[in-house]
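Spelled out from the first residue to the last, the chains are:
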Amino acid sequence: MVGKEIIDLSQEIYDGMPVYKSLPPVSMKVYATHEQWDGDENPTTQTPSVYKLSMGEHTGTHVDALNHMDRKNIGQSIDKMPLSIFFTEGICLDFSHKKLQELITAEEIKQACKIADITIKKGDTILLYTDHYRNHFNTENWNKGPGLTAEAARYLGDLKIAAFGVETMSPGVPKISNIEVHKICGELGFTHYENMVNLYKLLGRGRFQFIALPLKIKGGTGSPVRAVAVFEQ
């Protein structure tokens, strides 16, 4: 794309990749080959022409629908959410000093904005860089990332953002704030992305265009996305 730099913020999807707790495992198997299509007898190669995928909606880099947040949001599925939520301006804030299972507060978000000399606007997507992916992906600590407090989630929701995004498998810290963060998102009508990558490439660069369109899954509670940040050059 002439005059634009596109940074991929999405994990690869592959057979057996890490998923959150008891979510469906990811299975990716060869379903058909070119050798089959060409009618080869006793082929010595197997060149995939189609893969069969089995996975949950909340696999890899994905967005949560409002009906995932709370039973009160029944009917607010991913296919009903306006596409404008997934095509916004974005900013990235640095929380790489946060350690395993540490909480990010509203006051710390305000301080990060001051340090970055940036202001959160209505309709923004706020990406929270913790460097958890590069440090802990597919290790015993992968499920122990930092996360928002409930009051930080409410602070962002009160600013009328479209969404926020994290590198971790959950927006809050499990068994501490994660359920509350989900419910607040549902209550205030904004969402979040999980399992993002390459956020370090966005630091210190100001605003960018954020795009992360979900699949149109009828009644879906979420969807994998191909999230990108686009900078004008």
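Relevant structure appears above.
Residues numbered from 1 in each chain as written. Predicted model: local features only at pLDDT ≥ 70, side-chain atom pairs only at ≥ 80, totals over all residues. Heavy atoms only, no water.

Remarks on the environment of His132
Then, number 1: Positionally, His132 belongs in helix H4 (residues 132–136).
Then, number 2: Dropping the residues within four chain positions of it, His132 is found in contact with Leu100, Phe137, Asn141, Trp142, Lys144, Gly145, Pro146, Glu167 and Thr168.
Then, number 3: Engagement of the side chain of His132 in a polar contact is seen with the backbone oxygen of Asn141, the distance being 3.4 Å. (Helix = DSSP H or I, 4+ residues; strand = E, 2+ residues; numbered from the N terminus. Contact = heavy atoms within 4.5 Å. Polar contact = N/O pair within 3.5 Å; in protein donor to acceptor, adjacent residues only side chain to side chain.)

A look at empty space enclosed by the protein
Then, number 1: On inspection of all chains with the given rule, the structure shows 2 cavities of 30 Å³ or more.
Then, number 2: One number sums up the size of the largest cavity: a volume of about 50 Å³.
Then, number 3: Surrounding the largest cavity, Ile104, Leu128, Thr130, Pro146, Gly147, Leu148, Val166, Glu167, Thr168 and Pro171 form its lining.
Then, number 4: A breakdown of the residues in the lining of the largest cavity according to their chemical character gives 6 nonpolar, 3 polar and 1 charged.
Then, number 5: In this structure, the second largest cavity encloses a volume near 30 Å³.
Then, number 6: Residue lining of the second largest cavity: Val19, Tyr20, Leu23, His58, His62, Met169, Glu194 and Asn195, and that is the complete set.
Then, number 7: Tallied by class, the residues present in the lining of the second largest cavity amount to 4 nonpolar, 3 polar and 1 charged. (1 Å grid on protein atoms, 1.4 Å probe; cavity = no way out; pocket = protein on both sides within 12 Å on 5 of 7 lines; lining within 4 Å. Points joined across faces, edges and corners; volume = space filled by probe spheres on them. Nonpolar A, V, L, I, M, F, W, Y, C, P; charged D, E, K, R; others polar.)

What about the nonpolar core?
Then, number 1: Judged by nonpolar contacts, the single largest core of 50 residues is most densely connected at Leu9, Leu93, Leu148, Phe164 and Leu202.
Then, number 2: If we ignore the near neighbours within four places in the chain, the residues touching Phe164 are Ile126, Leu128, Leu148, Leu156, Pro171, Val181, Cys185, Phe190, Thr191, His192 and Tyr193. (Core = buried A, V, L, I, M, F, W, Y, C linked by side-chain atoms within 4.5 Å. Buried < 20%, exposed > 50% of the residue type's maximum accessible area, 1.4 Å probe, protein only.)

A few points about the layout of surface pockets
Then, number 1: Reported here for the largest pocket is a volume of approximately 320 Å³.
Then, number 2: Forming the walls of the largest pocket are 19 residues, and the residues nearest its centre are Tyr20, His68, Asn178, Ile179 and His182.
Then, number 3: Those elements that provide at least two residues to the lining of the largest pocket are strand E4 (62–64), helix H2 (66–69) and helix H6 (178–188).
Then, number 4: Here the element with the most residues in the lining of the largest pocket is H6; it accounts for 4 residues.
Then, number 5: Here the lining of the largest pocket is built from residues that sort into 7 nonpolar, 7 polar and 5 charged.

Observations regarding the pattern of salt bridges
Then, number 1: Scanning all chains against the criterion turns up 10 salt bridges.
Then, number 2: In this structure, Arg205 and Glu5 form a salt bridge, with 2.6 Å as the shortest nitrogen-oxygen distance. With Arg205 in the loop between strand E10 (191–194) and strand E11 (208–211) and Glu5 in strand E1 (residues 4–8), this residue pair connects regions lying 200 residues apart in the sequence.
Then, number 3: You can call Arg205 partly exposed: its relative accessible area is 36%.
Then, number 4: Between Asp124 and Arg207 there is a salt bridge, with the nearest N and O atoms lying 2.8 Å from each other. (Salt bridge = Lys/Arg side-chain N within 4 Å of Asp/Glu carboxyl O.)

So far we have only geometry, and geometry alone does not tell us how the molecule works.
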